[in-house]
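Residues per chain are reported as follows:
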Amino acid sequence: SAVISQKPSRDICQRGTSLTIQCQVDSQVTMMFWYRQQPGQSLTLIATANQGSEATYESGFVIDKFPISRPNLTFSTLTVSNMSPEDSSIYLCSARGLAEGTGELFFGEGSRLTVL
Amino acid sequence: GESVGLHLPTLSVQEGDNSIINCAYSNSASDYFIWYKQESGKGPQFIIDIRSNMDKRQGQRVTVLLNKTVKHLSLQIAATQPGDSAVYFCAEKENYGQNFVFGPGTRLSVLP
């Protein structure tokens, strides 16, 4: 299993500012993902963080709004840019050892952002 | 901690009873499924998984049932305890896909 650490765990941000969330995995993993969980909602995939290349974004999410880095196999960052109250959510980092097939998807504890 | 799933469907069960949480999935090509438990203020935690070549899998106090014909997944929790109170999500994935798709979630509330 993998242990995933995220920081900050929570933050209160002002409208128009940007915040970067860091994700550290305790072992090398093949896949890293970023999810958003809005209040009262399920998890929605934002993007797959690709090591050494640009992230792969899901429909409805763009790089300018959610730039992602993954400089190595154990670390990734997600930036929420030019925040508005609609960006208030829990942002979850996740990781998986395998690119395909079976195998658990592990999660961090999440970063809860409140935008005023 | 903060509450996740304020507007989710809720299943209330008496402590000691069995719980059944259901999930309808959408992709007929999905062949790997996971149930997650999410407690307030925490990230989702793996409970049990099942591959499409099985229709039942048991863990400690939990059983997952898969019916591919009707694209239905269920999680059974035996002798439900207060610590089982959480939001439960099913997640599905295609074998050659990389991404999991999560269901809407169900809040399980255990009554004393």
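Computed from a prediction, not measured in an experiment: that's the story for all the values here.

(A) Molecular detail of the sheet that holds strand 3 (residues 19–25) of chain A. All names here are of chain A. Pairing is antiparallel in the open sheet, where four strands are placed in the order 1-3-8-7. In the strand order of this sheet, the two ends are held by strand 1 (4–7) and strand 7 (68–72), each with one partner. Adjacent strand axes in the sheet meet at a mean angle of 15° when their direction is disregarded. Of the strand pairs in this sheet, strand 3 and strand 8 (residues 75–80) are connected by six bridges, and their pairing is antiparallel. Paired with Gln-22 across the strands is Thr-77, a residue of strand 8.

(B) The arrangement of the state of the cysteines in detail. Counted under the stated rule, the structure contains two disulfides over all chains. Cys-23 of chain A shares a disulfide with Cys-93 of chain A; S-S distance 1.9 Å. One disulfide, between Cys-23 of chain A and Cys-93 of chain A, carries an S-S torsion of -70° and so falls in the left-handed class. Here Cys-23 of chain A, found in strand 3, pairs with Cys-93 of chain A, found in strand 9 (residues 89–96); they are 70 residues apart in sequence, far enough to count as distant. With relative accessibility at 0%, the residue Cys-23 of chain A sits in the buried group. The partner cysteine of Cys-23 of chain B in its disulfide is Cys-90 of chain B, sulfur to sulfur 1.6 Å. On the criterion of sequence distance, the pair formed by Cys-23 of chain B in strand 2 (residues 19–24) and Cys-90 of chain B in strand 8 (residues 86–94) is long-range, its members being 67 residues apart. Neither Cys-23 of chain B nor Cys-90 of chain B differs from the other in exposure class; each is buried. The closest cysteine sulfur to the non-disulfide-bonded Cys-13 of chain A is located on Cys-23 of chain A, 18 Å from its own sulfur. What makes Cys-13 of chain A buried here is its relative accessible area of 6%.

Cut-offs used in this document
Residues numbered from 1 in each chain as written. Chains lettered and ligands numbered in written order. Predicted model: local features only at pLDDT ≥ 70, side-chain atom pairs only at ≥ 80, totals over all residues. Heavy atoms only, no water. Pairing = 2+ DSSP bridges. Helix = DSSP H or I, 4+ residues; strand = E, 2+ residues; numbered from the N terminus. Axes fitted to C-alpha atoms, helices over the stretch in contact; angles between N-to-C directions. Disulfide = S-S within 2.5 Å. Buried < 20%, exposed > 50% of the residue type's maximum accessible area, 1.4 Å probe, protein only.

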